[in-house]
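The chain contents come next:
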There are 2 protein chains.
Amino acid sequence: MITREHDPRTDRRVRRTRDAIHRALIELMIEKGYEAVTVADIITKADVGRSTFYTHFTDKREVLYASIDDLAGFLRAGSQVKGGRRLFGFSRMMFEHAHEQQELLRALLGRGGGAIVYERIRLVLADLVRDDLVPRVGPGATVPLDLVVDGVVGAYMALLSRWLDEREPHTPHEMDVAFRRLVIPGVVSGLGITAPEGAAGAEPR
Amino acid sequence: MITREHDPRTDRRVRRTRDAIHRALIELMIEKGYEAVTVADIITKADVGRSTFYTHFTDKREVLYASIDDLAGFLRAGSQVKGGRRLFGFSRMMFEHAHEQQELLRALLGRGGGAIVYERIRLVLADLVRDDLVPRVGPGATVPLDLVVDGVVGAYMALLSRWLDEREPHTPHEMDVAFRRLVIPGVVSGLGITAPEGAAGAEPR
DNA sequence: TCCATTCATGAACATAGTGTCCAGCAACTC
DNA sequence: GAGTTGCTGGACACTATGTTCATGAATGGA
């Protein structure tokens, strides 16, 4: 579960309003998608004054960024703990998280999510993928690492967004397996990876 | 080269204004990206009245769609002629076209392109990829076709957009080879393809 | 409990963009 | 040349954004 930080040093009023605004945006995104949400919508649902909104945020975007950073932090943290040495350890975890938080993730990454979210998440994933691949690149690599990273992340994001939009006809586990089977062979041969631990299509239950 | 149709049956004035508006939008997109362009910008650059604009189009989006459909048509036509029986025949052709029409394609598919363009092009590519794959699916397929299509298109779009944004540090040919090397192994094994003509990473000069 | 500080409020305002309407004039087609 | 069709520009209603400010209330430290 992703939660906002609650720094007890900040004024309680500040915490309350910021929280209310964040919650409002997310609920509204679930209802009608990011682009369609207006500041007026947000302050109505959050029940705060217009001027209050603008003393805390400059933009609709700025409110959004905080939510994305929460998700990004979740991804970073989780992939280090759970991912371990497994190639693309974030994949399974992310699909499962997306399954539990369907509505939120669909709002963020589905069709209505908006390009800003997509781009930020893409960058986080690109870092994770790169960190996964760099130590495994072999001498026989025939495809530039940057291109591999872009391709892998592109494929992953595509699978994830479509899965969310289609109301998840597959299980998270099936999605993870599909992603690995589809992507790992090309990555292994393209980068000249020799000992792909955890790189097989199948995986422990 | 993508060109607008010039149906001689329509009034010359209509042709002129519609053309001017299309051209104006594209130039403005190259300057500052789709989202930032306003209707006021368009009519100023196209030098037509505001009411004129709205008698021809309901939206900024509608102007854009025509440009996309041109590109889509180019893709469909080209991939049938040039692509032939080669797997993912559109790839090389698209990279080369994107190279020649850098600014336009960057405006459409780069960061500033907007989600609408991305989605429309994605759909066209998905059709092409699907048509390519359907007749080759073998009995030993382990990954659902839909997921393969999504993954392949996602990877391709990612490579293409990044390539455009990075001002093309690689050649179209290198990009095409990278795409094939990265994607084809997984597709072949995931779909149980037995005789992948033209599926090898290398290719004739 | 008190009180200086900080925050929330809402209403007014300036700005910018969208989309509609219409009457008069110009360009086009046949 | 005449009738049709399209272009024009200006006015208008509407929605949304972001700023400002005086007022009153909540807060947290002493």
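Before going into details, it helps to say that this report is about the structure given with it. As the structure is a prediction and not an experimental result, all values here were calculated from the model.

A few points about unusual backbone geometry
One non-glycine residue, A:E168, lies in the positive phi region at around 50°. Looking at the secondary structure, you find A:E168 in the loop between α8 (145-165) and α9 (172-191). Its relative accessible area of 11% is what places A:E168 among the buried residues. The backbone of B:R167 sits at a positive phi, close to 55°, despite the residue not being glycine. Topologically, B:R167 is positioned in the loop between α8 (145-165) and α9 (172-191).

Points about empty space enclosed by the protein
Summed over the entire model, instances satisfying the criterion amount to one cavity of 30 Å³ or more. For the largest cavity, the calculated volume is near 90 Å³. Lining of the largest cavity is provided by A:G151, A:V152, A:A155, A:L182, A:V183, A:V187, B:G151, B:V152, B:A155, B:L182, B:V183 and B:V187. Looking at the lining of the largest cavity, the elements that each hand over two or more residues are α8 and α9 of chain A together with α8 and α9 of chain B.

Let's talk about the relation of the copies chain B and chain A
Note: a rotation about an axis with an accompanying shift along it relates these two copies of the chain. Mapping chain B onto chain A calls for a rotation angle of 180° and an axial translation of 0.0 Å; the resulting RMSD is 0.0 Å. The transformation relating the two chain copies, once decomposed into turn and shift, fits a two-fold axis. An overlap of 100% is found between the interface residues of chain B and their copies at the interface of chain A, pointing to a shared contact surface.

So, the protein's contact with DNA strand D
Taken together, 21 residues surround DNA strand D, and among them B:T17, B:G49, B:S51, B:T52 and B:H56 come closest. Taking the atoms of DNA strand D that fall within 4 Å of the protein, sugar and phosphate contribute 59% of them. Contacts to DNA strand D include A:R50, whose side-chain N or O atom sits 3.0 Å from a base nitrogen. Contact between DNA strand D and B:R13: a base oxygen at 3.0 Å from a side-chain N or O atom of the residue. Counting only elements with at least two residues in the surface near DNA strand D, the list comes to α1 (12-32), α2 (39-46) and α3 (50-56) of chain A together with α1 (12-32) and α3 (50-56) of chain B. Looking at the surface near DNA strand D residue by residue, the class counts come to five nonpolar, eight polar and eight charged.

What to know about the protein's contact with DNA strand C
Taken together, 19 residues form the shell around DNA strand C, and within it A:T17, A:S51, A:T52, A:H56 and B:R13 come nearest. Within the contact set of DNA strand C, a base oxygen lies 3.0 Å away from a side-chain nitrogen or oxygen of A:R13. Residue A:T52 places a side-chain N or O atom 3.0 Å away from a phosphate oxygen belonging to DNA strand C. Of all the elements in the fold, those that place two or more residues in the surface near DNA strand C are α1 and α3 of chain A together with α1, α2 (39-46) and α3 of chain B.

Notes on the packing of aromatic side chains
Throughout the structure, instances matching the rule amount to 19 aromatic pairs over all chains. Ring geometry for B:F95 versus B:Y156: centroids 5.1 Å apart, planes at 55°, classification tilted. Highlighted residues: B:F95 in helix α5 (residues 90-100) and B:Y156 in helix α8, separated in sequence by 61 residues. One aromatic cluster is present, formed by A:F88, A:F90, A:F95, A:Y156, A:W163 and A:F179 through successive ring pairs. The ring of A:Y65 carries the charged tip of A:R120 above its face, separated from the ring centre by 3.9 Å.

Rules and cut-offs
Every chain is numbered independently, its residues counted from 1 as its sequence is written. Working convention: letters from A go to chains and numbers from 1 go to ligands, in the order in which they are written. Residues qualify for local features only when their pLDDT is at least 70, as the model is predicted, and side-chain atom pairs are given and counted only at 80 or more; totals for whole chains, interfaces and linings, by contrast, use all residues. Note that the side-chain values use all heavy atoms of the structure and ignore hydrogens as well as water. Helix and strand definitions follow DSSP, with helices as H or I runs of at least four residues and strands as E runs of at least two, each counted in order from the N terminus. We call a residue buried when its accessible area falls under 20% of the maximum for its residue type, exposed when it is over 50%, and partly exposed in between, using a 1.4 Å probe and counting protein chains only. We place a 1 Å grid over just the protein atoms. Points where a 1.4 Å probe fits but has no way out form a cavity, open points with protein on both sides within 12 Å along at least 5 of 7 lines form a pocket, and any residue with an atom within 4 Å of a point lines it. Grid points are joined across faces, edges and corners, and a volume is the space filled by probe spheres set on the points. A least-squares superposition brings the copies together, and it is based on the C-alpha atoms of residues with pLDDT no lower than 70 in both. Contacts between residues were defined by any pair of non-hydrogen atoms, one from each residue, lying within 4.5 Å. Any residue with a heavy atom lying within 4 Å of a molecule or strand is counted as near it. We call two N or O atoms a polar contact when they sit within 3.5 Å, provided that within protein one can donate a hydrogen and the other can accept it, with sequence-adjacent residues counted only if both atoms are side-chain atoms. Residue polarity is assigned by list, with Asp, Glu, Lys and Arg as charged and Ala, Val, Leu, Ile, Met, Phe, Trp, Tyr, Cys and Pro as nonpolar; anything else, Gly included, falls into the polar class. Only Phe, Tyr and Trp rings take part, Trp by its six-membered ring, and two of them pair if their centres are within 6.5 Å. Stacked means planes under 30 degrees apart, edge-to-face means over 60, and tilted covers everything else. Ring-over charges, as used throughout, are those where CZ of Arg or NZ of Lys falls within 6 Å of the ring centre and within 35 degrees of the ring normal.

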